[in-house]
Amino acid sequence: MKILKLEKSDLDKWLAEWMKSSPVYAPVQSGFGSFYDWARLEQGRMPELLPGVPKSSIKTFLFPQPETLEEFSADPADPSAFILKAPKTAEQLTIIAGVRPCDARSVSLNALPYAKDPYYSNRLRNTALVGFTCETQCSTCFCTRTGGLPTGTEGLDIAITRMDNTFLAEILTQKGELLAEAGRTGTDAGGDALSRLEQSRKNSGSPVSSADDPAPILREKDLMALYQAPFWQEIAEPCLNCGACTFLCPTCYCFDIQDEVIRDRGRRIRYWDSCMFPLFTLHASGHNPRGLKLQRVRNRFMHKLKYFPERFGPISCVGCGRCIRECPVNIDIREVYTDLLAI
Amino acid sequence: MSDTNSTITLEIRARAGELLASGEVKAFLGFAEGSIPMATRPFIARTPEQAEKLVWNSFCVINPAGFLPEVLKSVEPSRGPKDPPPEGPLPRVGVVATGCWSRNMVVQMKENQVSRDRLVILGIGSRGMVSNKKVQAMVGGRDITAIEEGEHSLTVHCDGEKTEIHRWDVIRDNCRTCTHPDPVIFDYQIGDSAGERHIEDRYVQVDKIEAMSAAQRWQWFQNEISKCIRCYACRNACPLCYCPTCFVDDSRPQWVGKSTDPVDTSIFHILRAYHCAGRCTDCGACESVCPMGIRLRILTKKLEKDVLEMYGSEAGLDLEAPLPLATYTMNDPQQFIIKG
Ligand code: SF4
Ligand code: SF4
Ligand code: SF4
Ligand code: SF4
Ligand code: SF4
């Protein structure tokens with residue numbers, strides 16, 4: 001792995017160079033930091049990083065809301081009416097910069113259930129993630145309790161870490177190499193860069209190992225014991241069954257599909273759905289297997305913390321804390337972890 | 001905790017504890033401490049011991065009225081869909097209520113969603129609730145690690161620094177222009193009365209937008225809702241929204257598209273607001289819960305203003321007054337049907 005040393009001006013140059021050929025997105029602030037979210041960068045509009053993660057989830061880029069899967073003509077006079085055609089998509093690289101390690105991990109985690117999903121795979125192939133490792137863990141951050149780290153690099157193509165007043169960029173993938181080349185600046189950080197990087201991380205007091213990844217423990221737990229645990233009623237009681245937690249969560253990936261027709265053009269879209277909505281499981285017969293709030297709340301947590309790890313290994317939560325920050329009734333997944341682990 | 005808040009907290013705990021212990025209520029709906037700064041959690045105490053968890057502070061922004069139908073149902077003896085209702089009175093539920101929340105309960109009573117004799121209301125004169133989004137903006141979006149409430153100020157801790165904020169500078173927009181902070185119905189009063197308030201610029205947010213041209217207004221609206229993720233937290237937090245199937249969820253027929261296309265999002269917001277006309281008490285829950293910071297209660301505030309001007313009516317002030325938009329009289333003005 002190559003490590004480059006960059007000044008602040010080199011970073012600006014990288015972004016400016018990338019913007020010439022690709023759309024580049026990064027977190028920016030508005031309203032004096034009160035609204036911190038992704039935006040497309042333009043020459044002159046640079047990332048404005050705050051500690052922690054932007055408002056909305058990074059999944060928006062890989063799992064857009066909505067995504068057009070097919071297009072069709074709805075004109076009865078058209079001989080090819082209602083025949084589905086794949087929409088024309090350009091193979092273009094999208095660069096997402098200022099990605100926090102938890103968000104980067106979520107992209108890899110979602111790739112597990114979506115391994116055979118052509119839409120997700122295509123976007124993943126055409127997306128480069130340039131990360132910024134964290135110096136601060138916010139009060140809602142808990143990556144270290146989910147198998148991640150504030151300095152983690154999983155899922156990233158380039159990981160940038162600030163060291164004093166310069167930056168070290170770890171070039172992690174082939175895509176990352178291409179980007180570093182396209183940036184046309186930066187010097188080799190020298191053979192000892194990696195050890196210096198590790199040393200500075202140790203000194204910064206930031207955790208260096210994810211000591212309590214609950215996945216192995218949760219995988220071993222008896223499913224029915226967790227399912228029938230006594231605490232679900234109390235957890236679920238205040239829930240509004242809205243979509244704030246699941247829509248902002250980077251690792252929630254459920255969708256529904258619908259055909260939309262406007263005049264003589266139609267498209268088949270997939271759009272985000274949420275297990276918190278009663279409609280999510282409503283059958284055509286009128287029966288609803290998850291008709292109760294308790295069942296829906298339990299499903300959200302059981303999916304992330306039990307069904308997903310059983311099927312794929314890791315838990316489906318990266319500890320970004322968005323759901324904790326934005327839940328109107330303060331349902332805190334960290335408390336649910338603790339409860340489940342105590343069973 | 002400020003003196004006012006701790007007095008109210010202790011009074012709520014004591015009263016709720018007594019009500020639960022005596023069996024006068026089977027459940028008590030209030031708020032508990034949240035796990036992060038500026039958060040509270042709607043909380044249902046079912047034993048006198050649990051009542052000790054109840055708290056009162058400036059971050060009780062969820063309208064408890066919204067939970068009442070569900071909590072009332074939860075204390076009823078269970079029965080099948082075809083079984084007759086049990087003999088005798090059904091168990092009661094205790095609840096805290098400020099001015100707007102009590103008015104929402106009045107609306108619920110008039111719309112047959114809850115019945116007065118099943119509620120024991122602890123009325124609290126509201127000093128206004130704080131907007132966590134405004135506090136966030138005061139500290140430049142930095143991570144807030146703790147917050148302490150004084151009588152008229154908030155001390156915000158972030159990055160190891162303390163920032164002192166005047167409480168009224170971060171009060172929610174609806175609370176700032178509230179004219180009825182005292183509950184209109186209650187069984188026990190908690191704390192002091194807040195008194196009637198005379199607000200000169202009650203509709204200032206609406207007036208500003210009314211002064212715009214139609215094109216500018218549309219632009220304002222589109223810009224405001226552009227961040228909407230259609231999570232429906234606003235709808236679900238609102239005590240007026242109790243339709244078994246909301247028009248946005250209906251699929252046969254489907255009234256509105258499901259994704260975040262601006263046309264669909266616009267329809268959702270316009271219809272949601274209109275469904276609240278003449279019923280909305282400006283409790284601000286919808287706006288407080290919105291994760292994207294959309295100021296959607298400006299829409300319902302406009303309707304509140306219209307209903308006041310056209311019908312001389314304010315929602316939920318009077319249990320006997322007719323519902324303005326569900327009542328017909330022969331001498332209703334009809335300009336909108338018969339154009340003169
Ligand atoms: S959860 Fe961890 S990786 Fe994510 S922003 Fe916080 S410290 Fe960084
Ligand atoms: S947990 Fe919170 S954010 Fe999620 S559905 Fe319930 S109320 Fe909404
Ligand atoms: S469940 Fe919550 S903390 Fe975990 S990844 Fe999703 S939003 Fe982040
Ligand atoms: S529309 Fe909003 S302000 Fe009005 S009653 Fe509903 S939640 Fe309260
Ligand atoms: S709560 Fe906010 S983001 Fe969610 S649907 Fe309502 S306006 Fe849109």
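Residues numbered from 1 in each chain as written. Chains lettered and ligands numbered in written order. Predicted model: local features only at pLDDT ≥ 70, side-chain atom pairs only at ≥ 80, totals over all residues. Heavy atoms only, no water.

Novice: Residue-level account of the pattern of salt bridges, with values.
Specialist: Residues and elements named next belong to chain A. According to the stated counting rule, one finds 45 salt bridges over all chains in the structure shown. One salt bridge in this structure joins K13 and E17, with 3.1 Å as the shortest N-O distance. Of this pair, K13 and E17 both sit in helix α1 (residues 8-21), four residues apart, which is roughly one turn of the helix. With relative accessibility at 32%, the residue K13 sits in the partly exposed group. (Salt bridge = Lys/Arg side-chain N within 4 Å of Asp/Glu carboxyl O. Helix = DSSP H or I, 4+ residues; strand = E, 2+ residues; numbered from the N terminus. Buried < 20%, exposed > 50% of the residue type's maximum accessible area, 1.4 Å probe, protein only.)

Novice: Before we move on, can you summarise the domain arrangement of chain A with the specific residues and values?
Specialist: One widely used convention gives an interface's size as the accessible area the parts lose upon coming together. All names here are of chain A. When its domains are assigned, chain A resolves into domain 1 (2-65 + 74-204) and domain 2 (214-342). Here domain 1 and domain 2 have C-alpha centroids that lie 26 Å from each other. On the domain 2 side, the residues contacting the 33 residues of domain 1 number 37 residues. For the domain 1 and domain 2 pair, buried surface summed over both sides reaches about 3,100 Å², with 58% attributable to carbon and sulfur atoms. (Domains from an automatic or database assignment. Contact = heavy atoms within 4.5 Å. Buried area = accessible area lost by both parts, 1.4 Å probe.)

Novice: Describe the confidence of the model for chain B, with residues and values.
Specialist: In this model, chain B carries a mean pLDDT of 94, and residues with pLDDT of at least 70 account for 99%. Predicted as a complex, the structure gets a pTM of 0.95 and an ipTM equal to 0.94. (pLDDT = per-residue confidence, 0-100.)

Novice: So what about the interface of chain A and chain B? Which residues, and what values?
Specialist: The interface is formed by 43 residues belonging to chain A together with 42 residues belonging to chain B. Of the roughly 3,100 Å² buried where chain A meets chain B, counting both sides, 57% is carbon and sulfur surface. The largest contributions to the chain A side of the interface with chain B come from E237, L240 and N330 of chain A, which together make up 17% of the buried area. Taken together, the links from chain A to chain B amount to four salt bridges. Summed over the shared surface of chain A and chain B, the number is 14 residue pairs in polar contact (both at pLDDT 80 or more). Among the secondary structure elements, those contributing two or more residues to the side of chain A that touches chain B are β3 (35-40), α10 (244-248), β10 (255-262), β11 (265-272), α12 (322-326) and α13 (333-341) of chain A. Partitioned by chemical class, the residues of the side of chain A that touches chain B number 20 nonpolar, eleven polar and twelve charged. (Polar contact = N/O pair within 3.5 Å; in protein donor to acceptor, adjacent residues only side chain to side chain. Nonpolar A, V, L, I, M, F, W, Y, C, P; charged D, E, K, R; others polar.)

Novice: With reference to specific residues and values, describe the environment of L69 of chain A.
Specialist: All names here are of chain A. Positionally, L69 belongs in strand β4 (residues 67-73). According to the relative accessible area criterion, L69 is buried, its value standing at 7%. Considered as a pair, L69 and R270 are 201 residues apart in the sequence and their alpha carbons are 6.9 Å apart. Not counting residues within four places of it along the chain, the set of residues in contact with L69 comprises A86, P87, Y119, I257, R268, I269 and R270.

Novice: Go over the domain arrangement of chain B with me, naming the residues and quoting the values.
Specialist: Residues and elements named next belong to chain B. Entries for chain B in the domain assignment read domain 1 (3-78 + 89-190) and domain 2 (204-319). In this structure, domain 1 and domain 2 have C-alpha centres spaced 23 Å apart. Contact residues are listed per partner, giving 25 residues for domain 1 and 24 residues for domain 2. Carbon and sulfur atoms supply 52% of the area buried between domain 1 and domain 2, which totals about 2,200 Å² over both sides. Three residues, R103, K133 and N174, lead the burial of domain 1 against domain 2; their summed loss comes to 24% of the area buried on that side. Two residues, E111 and R279, come together in a salt bridge whose shortest N-O distance is 2.7 Å. Linking domain 1 with domain 2 are 14 residue pairs in polar contact (both at pLDDT 80 or more), by the criterion used here. Elements supplying a minimum of two residues to the side of domain 1 that touches domain 2: α3 (99-110) and α5 (173-176). Among the residues forming the side of domain 1 that touches domain 2, the class breakdown is nine nonpolar, nine polar and seven charged.

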